[in-house]
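Each chain is listed here by its residues.
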Amino acid sequence: MNFIRRGGRSFLLTLLIGFCCLASTPAGAASKPSEGFTRVLKSGYEFYFSPARPRPGQALALFCRPADDRDPGFSRVVFAGRDFPLERVPGGQMTVVAIPLGTRPGPQTIKCEVATPGGWVALEITVTAHDYGVQKLTLPKKMVTPMRPETLARIKRDRKLLHQVYASSGNQLLLARPVKPPLQAPLTSPFGRRRLLNGKPKAPHGGIDYKAKVGVPVPAAADGRVVLAENLYYSGNLVIIDHGLDIFTLYMHLSKFNCRAGERVSRGQIIGYSGRSGRVTGPHLHWGVKINGIFVDPLEFARLSRLLLRPPWTKANHS
Ligand SMILES: [Zn+2]
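Asker: Just give me the short version of the overall build of the protein chain, but keep the residues and values in it.
Answerer: Helix and strand content of the protein chain: 4 helices and 23 strands. Taking all 319 residues of the protein chain together, 42% fall into the buried category. Put simply, 66% of the contacts in the protein chain that link residues at least 6 apart link residues at least 24 apart.

Next comes the structure, spelled out in structure tokens:
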């Protein structure tokens, strides 16, 4: 979301709090697709994960199965201090681990807690450094004015609402097909770009911005359940879809909704129309993917999603 308002007194402090995009700089396509799984045997468990060397801001698909069929597997998976929900799949379990932006490149450990008799299995991965680029912005200090109390109250209310929405995901992946990015339009702001405002680091861009005029139909990127269709201060008209396992897609700044909270939607179904609501400089579609509270590169996640649909050992049996 772009959020330099045209006119108005209190608009620039929003820059200090917002986390989205600031300018319309043409951006290249995202990086190479993540292919296949890496297989690791450890402590009587077989792990399959992809990509082999994830970078900060990427999701990692993780499947695991015990050597002993009677072993119930893991009760939880922990990375960067967060618990990632596990889903039972034929022959084992799976989860999607989000690698937060800001994760230190190099060796990292995904901890898997054994259900019985307890204890942990440490899965070592290597996080690869990635430069998402930086955007510098300089503004006169006098232009940064305090926000009105009612605006602050609204932002607080929005945060509370979002917190509730993100707590609502189930332990079952709702994807029947891979994620399909909602538009084919050029990107005006890529994922992960760091921002420096008057030399101070601000939150990086948590999604991608598509060039889109007002009124372009916006399809759901994947099957799921609409958990929010409301107007928020920064995001404007925002739709959030839950895909299970704490995986959400977000569609911001819409001009119009075409769905309701609670509704089941399928991939390709029009859930709204692009617009310029919220804190933006012009119409565009901000599309985001949030996994367990962590924004990941949505285009990378779309590529990865085809690997989530069936366990890799199932595939191997048929090849
Ligand atoms: Zn944006």
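Continuing now.
Asker: Could you give an account of the environment of G133, with specific residues and numbers?
Answerer: Summarising the element assignment, G133 is placed in the loop between β9 (120-127) and β10 (134-137). In this structure, the C-alpha to C-alpha distance between G133 and R193, residues 60 residues apart in sequence, is 5.1 Å.

Asker: Hey, could you go over the nonpolar core for me, with residue numbers and the actual values?
Answerer: Core analysis: the biggest nonpolar cluster contains 70 residues, and A59, L62, V77, V96, V97, V239 and Y251 have the highest contact counts within it. Both domains that furnish three or more residues to this core are identified here as domain 1 (14-30 + 133-300) and domain 2 (38-129). Once residues within four sequence positions are removed from consideration, V239 is found in contact with V226, L228, A229, Y251, L254, F257, C259, I271 and G272.

Asker: Which residues make up the sheet that holds strand β2 (residues 45-50), and what values go with them?
Answerer: The strand order β1-β2-β3-β7-β6 describes an open sheet built from 5 strands, whose pairing is antiparallel. Only two strands of the sheet have a single neighbouring strand rather than two, namely β1 (38-42) and β6 (87-89). Averaged over neighbouring strand pairs, the angle between their axes works out to 25° when direction is ignored. Note: β1 against β2, 5 bridges, orientation antiparallel. By the bridge assignment, L41 is partnered in β2 with E46.

Asker: Describe the confidence of the model for the protein chain, with residues and values.
Answerer: Of the residues in the protein chain, 86% have a pLDDT of 70 or more, and the chain-wide mean is 87. Counting interchain partners and residues more than four positions distant, the pLDDT-below-50 stretch residues 1-34 has 80 contacts.

Asker: So what about the sheet that holds strand β13 (residues 200-202)? Which residues, and what values?
Answerer: The mixed open sheet is built from 3 strands, whose spatial order is β10-β12-β13. Of all strands in the sheet, those with a lone pairing partner are β10 and β13, marking the two edges. Here the strands of the sheet are splayed against their neighbours by 30° on average, with no regard to which way each runs. Judged from the 4 bridges that link them, β10 and strand β12 (residues 194-197) form a sheet pairing that is parallel. Within β12, the position partnered with V134 by the bridge is R194.

Asker: Residue-level account of the pairing of β9, with values.
Answerer: In this structure, strand β8 (residues 106-114) lies alongside β9, joined through 8 bridges in antiparallel fashion. Its bridge partner being in β9, K111 is matched across the sheet by A122. Here β8 folds back onto β9 in antiparallel fashion, the turn holding 5 residues, of which G118 has a positive phi close to 110°.

Asker: Account for helix α2 (residues 149-166), naming residues and giving values.
Answerer: The terminal C-alpha atoms of α2, which comprises 18 residues, lie 26 Å apart, in line with the 26 Å expected from a rise of 1.5 Å per residue. Little of α2 is tucked away, with 0 of its 18 residues classed as buried.

Asker: So, the environment of R39: which residues are in play, and what are the values?
Answerer: Counting through the fold element by element, R39 comes out in strand β1. Setting aside chain neighbours within four positions, we find R39 in contact with E46 and Y48.

Asker: Break down the environment of D83 for me, citing the residues and quoting the values.
Answerer: Among the structural elements, D83 can be located in strand β5 (residues 82-84). Judged by C-beta crowding, with 15 C-beta atoms within 10 Å, D83 ranks as partly exposed. With 28 residues separating them along the chain, D83 and K111 place their C-alpha atoms 9.5 Å apart.

Asker: Quick rundown of unusual backbone geometry? Include the residues and the values.
Answerer: In the segment running from S50 into P51, the intervening peptide bond is cis, with an omega of 0°. The residue P51 is located in the loop between β2 and β3 (59-66) in this model. A cis amide bond, omega 10°, links T116 with the succeeding residue P117. Among the secondary structure elements, P117 is positioned in the loop between β8 and β9. If you check the backbone angles, D246 has positive phi at about 65° while not being a glycine. Looking at the element boundaries, D246 is found in the loop between β17 (236-242) and β18 (247-254). Phi at H253 takes a positive value of approximately 65°, unusual for a residue other than glycine.

Parameters at a glance
- Residues numbered from 1 in each chain as written.
- Predicted model: local features only at pLDDT ≥ 70, side-chain atom pairs only at ≥ 80, totals over all residues.
- Helix = DSSP H or I, 4+ residues; strand = E, 2+ residues; numbered from the N terminus.
- Buried ≥ 20, exposed ≤ 12 C-beta atoms within 10 Å, placed from the backbone.
- Contact = placed C-beta atoms within 7 Å.
- Core = buried A, V, L, I, M, F, W, Y, C linked by C-beta atoms within 7 Å.
- Domains from an automatic or database assignment.
- Pairing = 2+ DSSP bridges.
- Axes fitted to C-alpha atoms, helices over the stretch in contact; angles between N-to-C directions.
- pLDDT = per-residue confidence, 0-100.
- Expected span 1.5 Å × (residues − 1).

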